[in-house]
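# Structural description and commentary
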Amino acid sequence: TNTHRRMHAPDPPAPEAATATAHPPESPPSSSALPPAEEDTAGGFERLRILVVEDEDFAARVVQALCEKCSYEVTIARSAEAALDFLAADAARPATEQFNLILVDIVMAPGRMSGKELLLALRVERVERCVVMMSAIHQRAMVEECIRSGAESYLVKPIRLEDVARLWQVVMRHHLSALSRRQARQRAEMARLRAETLAERERVRRERLELEQKVLLDRQRERMQQQMMRMLHSQMRQYWQLAQTCNDLILHASRQGVFLYMSHKCKRLLGYAPTELSSSRAMIGTIHPDDLAELRAL
């Protein structure tokens, strides 16, 4: 019987069951542990400051209520001209206290600056703020025109809470785009400065090379002149020694027939001392009259 009981005893639990028993299932995560939804992340931008440009009182109050529900700080400008005044005063504030976003209605009261004109004015004045246009007219051409003019996004009225809650994403995209453009400008400026530096170095190198070549040529020219002077002096000494030892008469006269030099053999061969034939005396006066006719015949 004992053997029969042992044969019919229940099997031991499987390893998986033992593991499941040892580790009880985790409790479901609380709502605070869940990743926030796309709309809920707007609460992380509690300091998001928005300038709403809307001339209609009811629409302005609706947008203000939606923004305040998302914990945004809202300032209402009832015209584009008033918005420019707000932005002029805002420029004097610290960067952490300036508007992050400008929400502009396209259609304004007749005779006043429109939203598109305000957008163009902001770009002319180089106001680096995120601009989102809003209008009850949903036309693709108008949306594309606003985007080309510098708007970051476009909202169609009636504006919903989900649209307002996602505005922080638009601001972040604008900041990242502006940062990318700023970095691109910095890289371009660095490349320009690097190119100018290389060009300046090349110019200095060429000038230094030209100066070194000029100095080298001047030194070579000076050495050549010194060599020529030494050769000339050597030839003059040789000529003088030859003139002193030669038994013939050596004369040097100008084209005008004036004696410039004569050797000491002049007295023995011509009968004139070198001092008698001064440089002021013409050669024609030293020729014998009998030879003068033959010389003139030549």
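Each residue is numbered by its place in its chain's sequence as written, counting from 1. Local features in a predicted model are, by the rule used here, given only for residues with pLDDT of at least 70; side-chain atom pairs are given and counted only at 80 or more, and totals for whole chains, interfaces and linings are based on all residues. Computation of side-chain values: all heavy atoms of the structure, hydrogens and water removed.

## Regarding the overall build of the protein chain
Looking only at helices and strands, one finds 10 helices and seven strands in the protein chain. Counting the 298 residues in the protein chain, one finds 26% classified as buried. For the protein chain, contacts bridging at least 24 residues in sequence account for 54% of all contacts bridging at least 6. A run of H or I in DSSP counts as a helix once it spans at least four residues, and a run of E counts as a strand once it spans at least two, with each numbered from the N terminus. Working definition: with a 1.4 Å probe on protein chains only, accessible area under 20% of the residue-type maximum means buried, over 50% means exposed, and in between means partly exposed. Contact criterion: two residues are considered in contact whenever any of their non-hydrogen atoms come within 4.5 Å of each other.

## Thoughts on helix 3 (residues 57–69)
To estimate the expected span of a helix, count its residues, drop one, and scale the result by 1.5 Å. Here helix 3 is 13 residues long and its end C-alpha atoms lie 18 Å apart, about the 18 Å a rise of 1.5 Å per residue gives. Listed in full, the buried residues belonging to helix 3 are A59, A60, V63, L66 and C67. Along the long axis of helix 3, the arc covered by the buried residues comes to 130°, so they all point the same way. Away from the buried face of helix 3 by more than 90 degrees, exposed residues F58 and K69 are located. Just beyond helix 3, the residue with positive phi is S71, at close to 65°. Comment: arc refers to directions from the helix axis out to C-beta atoms.

## Side note on the side chain of Q98
Mapping Q98 onto the fold places it in the loop between helix 4 (80–90) and strand 3 (101–105). The definition of a polar contact used here is a pair of N or O atoms within 3.5 Å, where within protein one atom must be able to donate a hydrogen and the other to accept one, and adjacent residues in sequence count solely through side-chain atom pairs. Engagement of the side chain of Q98 in a polar contact is seen with the backbone oxygen of R93, the distance being 3.0 Å. Not counting chain neighbours up to four residues away, the residues in contact with Q98 comprise R49, D90, A91, R93 and R129.

## Remarks on a nonpolar patch on the surface
A contiguous nonpolar surface patch, about 240 Å² in accessible area, is contributed by M172, L176 and L179. For L179, a relative accessible area of 35% corresponds to the partly exposed category. Patch criteria: residues need more than 30% relative accessible area and no salt bridge. Like-charged residues are merged within 9 Å; nonpolar side chains of Val, Leu, Ile, Met, Phe, Trp and Tyr are merged within 5 Å. Using a 1.4 Å probe, the Shrake-Rupley method yields the accessible areas, and only the shown protein chains count as cover for residues. Salt bridges, as used here, are contacts in which a Lys or Arg side-chain nitrogen is within 4 Å of a carboxyl oxygen on Asp or Glu.

## So, helix 4
Those residues of helix 4 not exposed but buried are A80, A83, L87 and D90. The arc enclosing the buried residues of helix 4, seen along the axis, measures out at 70°, which places them on a common side. In helix 4, the exposed positions that point more than 90 degrees away from the buried face belong to D85 and A88. Buried residues along helix 4 sit in contact with strand 1 (49–53), strand 2 (73–77), strand 3 and helix 5 (115–124).

## A short note on the confidence of the model for the protein chain
For the protein chain, the average pLDDT comes to 78, and 78% of its residues sit at 70 or higher. Each residue gets a pLDDT score, which is the predictor's confidence in that residue and runs from 0 to 100. Below pLDDT 50 for its whole length, residues 1–46 participates in 18 contacts with residues either more than four positions away or in separate chains.

## Some thoughts on a positive patch on the surface
The charge count includes Lys and Arg as positive and Asp and Glu as negative, but it does not include His or the ends of the chains. For this purpose, a charge sits on NZ of Lys, CZ of Arg, CG of Asp or CD of Glu. A cluster of basic side chains, namely R126, R181, R182 and R185, defines a positive patch on the protein surface. When you line up the elements, R181 lands in helix 8 (residues 167–245). Under the relative-accessibility criterion, R181 is labelled partly exposed at 37%.

## A closer look at the pattern of salt bridges
Per the stated rule, a full pass over the model turns up 19 salt bridges. Between E54 and K157 there is a salt bridge, and its shortest N-O distance comes to 2.7 Å. Here E54 is found in the loop between strand 1 and helix 3, whereas its partner K157 is found in the loop between strand 5 (153–156) and helix 7 (161–165), with 103 residues between them in sequence. We classify E54 as buried; its relative accessible area is 0%. By sharing partners, the salt bridges in this structure join E54, D105 and K157 into a single network.

## Regarding the environment of W168
Counting through the fold element by element, W168 comes out in helix 8. A sequence separation of 96 residues divides W168 from Y72, and the C-alpha atoms of the two residues are 9.5 Å apart. For W168, the side chain forms a polar contact with the main-chain oxygen of A165, separated by 3.2 Å.

## Points about the sheet that holds strand 4 (residues 130–135)
When DSSP finds two or more bridges between a pair of strands, those strands are recorded as paired. The strand order across the open sheet built from five strands is 2-1-3-4-5, with neighbouring strands paired in parallel fashion. This sheet does not close on itself; its edge strands, each paired only once, are strand 2 and strand 5. Between one strand axis and the next, the sheet turns through 20° on average, direction left out of account. Pairing between strand 1 and strand 3: four bridges, direction parallel. Counted as the bridge partner of V53 is V104 from strand 3. To obtain an axis, a line is fitted to C-alpha atoms, over the contacting stretch when the element is a helix, and the angle between two such axes runs from 0 to 180 degrees between their N-to-C directions. In this fold helix 3 packs onto strand 1, strand 2, strand 3 and strand 4, with an angle of close to 170° to the strand it touches most, strand 2.

## What to know about unusual backbone geometry
Each neighbour pair has its own omega, and for K157 with P158 the value is 0°, a cis peptide bond. For P158, the location among the structural elements is in the loop between strand 5 and helix 7. The phi dihedral of S71 falls on the positive side, at around 65°, and the residue is not glycine. Within the secondary structure, S71 sits in the loop between helix 3 and strand 2.

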